[in-house]
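# Survey of secondary and tertiary structure
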Amino acid sequence: MKTDRVKAVLEDLEKTLIEFMRKHNITHEEYRMATDVLLETVKAGEESLLYDIFFEAAITEIGNKAREGSPEAIEGPFYIPGAPRLEPPYVLRQRKNEAGDILFFNGRVVDRQGRALPNVEVDVWSADSDGLYSNIHPGTPDWNLRGRLYTDSNGWFEVRTIVPPPYEIPKNGPTGRVLTALGRHFFRPSHLHVKLRHTQFGEMTSQVYFRGGRYLESDVANAVRDELIVDLIRHDTTESLASRGLDKPYYEVRYDFVLSAANQLAAAME
Ligand code: DHB
Ligand code: FE
């Protein structure tokens, strides 16, 4: 970020906050409550949780206005770089008997002309059936339900994971207390996180949500948009189970990504 932009943005933020405090006659006690909440989020490891719930969707939307390919979605506070590189057939690292229905997440990655993009890195992460993210929440194996895979020569990818449940923000921490004060619930709808990386188009961050799922209309992070909702298809016929070598019903979601020059611009600016 250029220093003159830093100065312009910070000065305006300062001015905006001072105007806001005057408008509401904020008392010294209220001001201290606010700084204490920020302090407590750091102590509880919830600082990005609090900020992402309230602000990341707006930032993402600002970026999406300048995009021509698939929209981006919020990263959220639980992305960790350096997930295991997987080998085909791709299965996210998981416990022996990982709870939750089996899910195949697949799709094609193409450019704006519809040309297949091979060798795109697809970095996927999701909560387990208890709504916990590995390497973040205690009690989960390292890198559970996280991994990196690659599109094939047709731009196709597929990875096996589980259908995640809605994610519940911790109720008892500072973020939970802020949500309680606002009278809001604590849930995000079920979702899969994904980052795509391409040598030319750079990186993009997305999420997919499942049609008909709970909280799509009232996501606590206000981050759902229609283009990111996909059909969660249940497969339970003898033939479909046989085709996958499975002995219980499974689900499938497909999401096709279009990478665009906007990604290229972002890559060039890094
Ligand atoms: C937030 C985003 C997520 O994807 C998630 O699982 C939890 C919280 C957030 O925006 O804070
Ligand atoms: Fe999430």
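Predicted, not measured: the structure shown is a model, and the values here were computed from it. (Residues numbered from 1 in each chain as written. Chains lettered and ligands numbered in written order. Predicted model: local features only at pLDDT ≥ 70, side-chain atom pairs only at ≥ 80, totals over all residues. Heavy atoms only, no water.)

## Some words on the coordination of the iron ion (ligand 2)
The protein atoms that coordinate the iron ion (ligand 2) are Tyr133 (OH), His191 (NE2) and His193 (NE2), at distances spanning 2.0 to 2.1 Å. For the iron ion (ligand 2), the single-chain donor residues occur in sequence as Y-x57-H-x1-H. Of this pair, Tyr133 sits in the loop between strand S3 (121-125) and strand S4 (146-150) while His193 sits in strand S8 (residues 191-198), and the two are 60 residues apart along the sequence. One exposure class covers both Tyr133 and His193, and it is buried. (Donors = N, O, S within 2.8 Å, 3.2 Å for Na, K, Ca; no water. Helix = DSSP H or I, 4+ residues; strand = E, 2+ residues; numbered from the N terminus. Buried < 20%, exposed > 50% of the residue type's maximum accessible area, 1.4 Å probe, protein only.)

## A short note on a nonpolar patch on the surface
Taken together, the side chains of Met1, Val6, Val9, Leu10, Leu13, Leu17, Ile18, Phe20, Met21 and Tyr31 make up a nonpolar region of the molecular surface, amounting to roughly 910 Å² of accessible area. Among the elements that take part in the nonpolar patch, helix H1 (residues 3-23) stands out by supplying eight residues, more than any other. Note on placement: Met1 falls in the segment before H1. (Patch = residues over 30% accessible without salt bridge, like charges linked within 9 Å, V, L, I, M, F, W, Y side chains within 5 Å. Areas by Shrake-Rupley, 256 points an atom, 1.4 Å probe, with all protein chains shown as cover. Salt bridge = Lys/Arg side-chain N within 4 Å of Asp/Glu carboxyl O.)

## What to know about the side chain of Thr41
Structurally, the position occupied by Thr41 is in helix H2 (residues 28-43). Apart from the residues lying within four places of it in its own chain, the contact partners of Thr41 are Glu46, Glu47, Leu50, Tyr51 and Pro174. (Contact = heavy atoms within 4.5 Å.)

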